[in-house]
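Structure at a glance
The lines below spell out each chain.
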Amino acid sequence: MAASSIPHFHNTLGVRVIHVGSREFMCIGALPPFDHPHIYIDMGSDSEAVCGYCSTHYRFDPALAEGTCLPAECLWNDKPDEAPTTSSAA
């Protein structure tokens with residue numbers, strides 16, 4: 001993924017599962033300043049992963065666009081002037 005940035009997801013909402021459209025991403029725990037060290041997660045061929053730091057459960061959803069998630073509020077955008085793009089299956 002050298003050509004693109006790695007998406008960062010957080011679980012400030014405290015949801016049970018975050019559905020993601022990427023198999024490689026960073027978990028930051030909660031929104032800054034309450035974030036944990038940013039943990040790189042690579043699901044490989046698996047469809048689920050759990051952050052070893054905060055225990056957030058992530059589930060890959062191929063219907064989502066790369067770099068997006070549901071709930072959409074769990075995507076961390078460190079550049080607030082750039083609106084994130086979200087996509088989901090209807």
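Residues numbered from 1 in each chain as written. Predicted model: local features only at pLDDT ≥ 70, side-chain atom pairs only at ≥ 80, totals over all residues. Heavy atoms only, no water.

Our next topic: the sheet that holds strand S5 (residues 48-50). Pairing in this open sheet of four strands is mixed, and the strands run S5-S6-S2-S7 from one edge to the other. With one partner strand each, in any of the chains shown, S5 and strand S7 (69-70) form the two edges of the open sheet. Where S5 lies against strand S6 (residues 57-60), three bridges are found, and the strand directions are antiparallel. Bridge pairing in S6 places glutamate 48 opposite arginine 59. (Pairing = 2+ DSSP bridges. Helix = DSSP H or I, 4+ residues; strand = E, 2+ residues; numbered from the N terminus.)

What follows is about the environment of histidine 19. On the secondary structure map, histidine 19 appears in strand S2 (residues 17-20). Look at histidine 19 and you get partly exposed, because its relative accessible area is 26%. Along the primary structure histidine 19 and cysteine 69 are separated by 50 residues, whereas in three dimensions their C-alpha atoms are 5.4 Å apart. Not counting the four nearest positions on each side in its chain, histidine 19 is found in contact with Arg59, Asp61, Leu64, Thr68, Cys69 and Leu70. (Buried < 20%, exposed > 50% of the residue type's maximum accessible area, 1.4 Å probe, protein only. Contact = heavy atoms within 4.5 Å.)

Here strand S1 (residues 8-9) runs beside strand S3 (residues 24-27); their pairing, made up of two bridges, is parallel. Bridge pairing links phenylalanine 9 to cysteine 27 in S3. With four bridges joining them, S3 and strand S4 (residues 39-42) adopt antiparallel strand pairing. Considered in S4, the bridge of glutamate 24 is made with aspartate 42.

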